[in-house]
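# Observations on the model geometry
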Amino acid sequence: MMFRLALALVMVSGAASAPDTAPPLTPAAPEVVAVEPGFATIRWAPTTDDVGVIEYQLHLVTSGGYVRVFRTTGTSVTIAEITGPAGAWVAAFDASWNRTDGPYLPLHGVPIP
């Protein structure tokens, strides 16, 4: 009994895609757009990325150095209980978790009773 062995060489066209290392564009500075007793709404303009922004994080820093992070897929966050001087900035993330931080917004004088 005789066997024949045949080899096939298969070529796959196209290059493997490179990993996404480009972060989103810098988010715009956040702004306070509404103030109600005990609450404030902070909004920012959406930013872009070559593969899309999947999450924003609003970082709120109090005068004591305490940081609270609000995660959202939208472009605004309503926050409560700001006491004393504070500030905020927005970080944008793409699907590979590349991050870009936006400018800092001082929240001194935000009238939240």
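In this text, all values refer to a predicted model and were calculated from it rather than measured experimentally.

Quick notes on the rules
- Within each chain, residue numbers correspond to sequence positions counted from 1 in written order.
- A pLDDT threshold of at least 70 governs which residues receive local features in this predicted model, and a stricter bar of 80 or more applies before side-chain atom pairs are shown or counted, although totals over entire chains, interfaces and linings include all residues.
- Hydrogens and water molecules were not included; the side-chain quantities draw on all heavy atoms of the structure.
- The secondary structure listing takes helices from DSSP runs of H or I that are at least 4 residues long and strands from runs of E that are at least 2 residues long, numbered from the N terminus.
- Each residue's exposure class comes from its accessible area (1.4 Å probe, protein chains only) as a fraction of the maximum for that residue type: buried when under 20%, exposed when over 50%, partly exposed otherwise.
- Neither His nor the chain ends is counted toward charge; the positive residues are Lys and Arg and the negative residues Asp and Glu.
- When a carboxyl oxygen of Asp or Glu is within 4 Å of a side-chain nitrogen of Lys or Arg, the pair counts as a salt bridge.
- Distance and chemistry together define a polar contact, namely a pair of N or O atoms within 3.5 Å, with one atom able to donate a hydrogen and the other to accept it when in protein, and with adjacent residues in sequence counting only for side-chain atoms on both sides.
- Contacts are residue-level and defined by heavy atoms, with any inter-residue pair within 4.5 Å sufficient.

## A word on the side chain of Asp 49
- In this fold, Asp 49 is placed in the loop between strand 2 (39–43) and strand 3 (53–62).
- The side chain of Asp 49 sits in the buried core without any salt bridge; Arg 99 is the nearest counter-charge, 13 Å away.
- A distance of 3.0 Å separates a polar atom in the side chain of Asp 49 from the backbone nitrogen of Val 51.
- Those residues in contact with Asp 49 that lie beyond four places of it in its chain are Asp 20, Ala 22, Pro 23, Pro 24 and Asp 94.

## So, the pattern of salt bridges
- Under the criterion given, the structure shown has three salt bridges.
- The closest approach of N and O atoms between Glu 55 and Arg 71, which form a salt bridge, is 2.8 Å. Taken together, the residues Glu 55 in strand 3 and Arg 71 in strand 4 (residues 67–72) connect sequence positions 16 residues apart.
- By relative accessible area, Glu 55 is classed as buried at 9%.
- Look at Arg 71 and you get exposed, because its relative accessible area is 57%.
- Here Arg 99 makes a salt bridge to Asp 101, at a shortest N to O gap of 2.8 Å.
- Here Arg 99 falls in the partly exposed class, since its relative accessible area comes to 39%.

## Brief notes about unusual backbone geometry
- For Trp 97, which is not glycine, the phi dihedral falls at a positive 60°.
- Mapped onto the elements of the fold, Trp 97 is located in the loop between strand 6 (86–94) and strand 7 (99–101).

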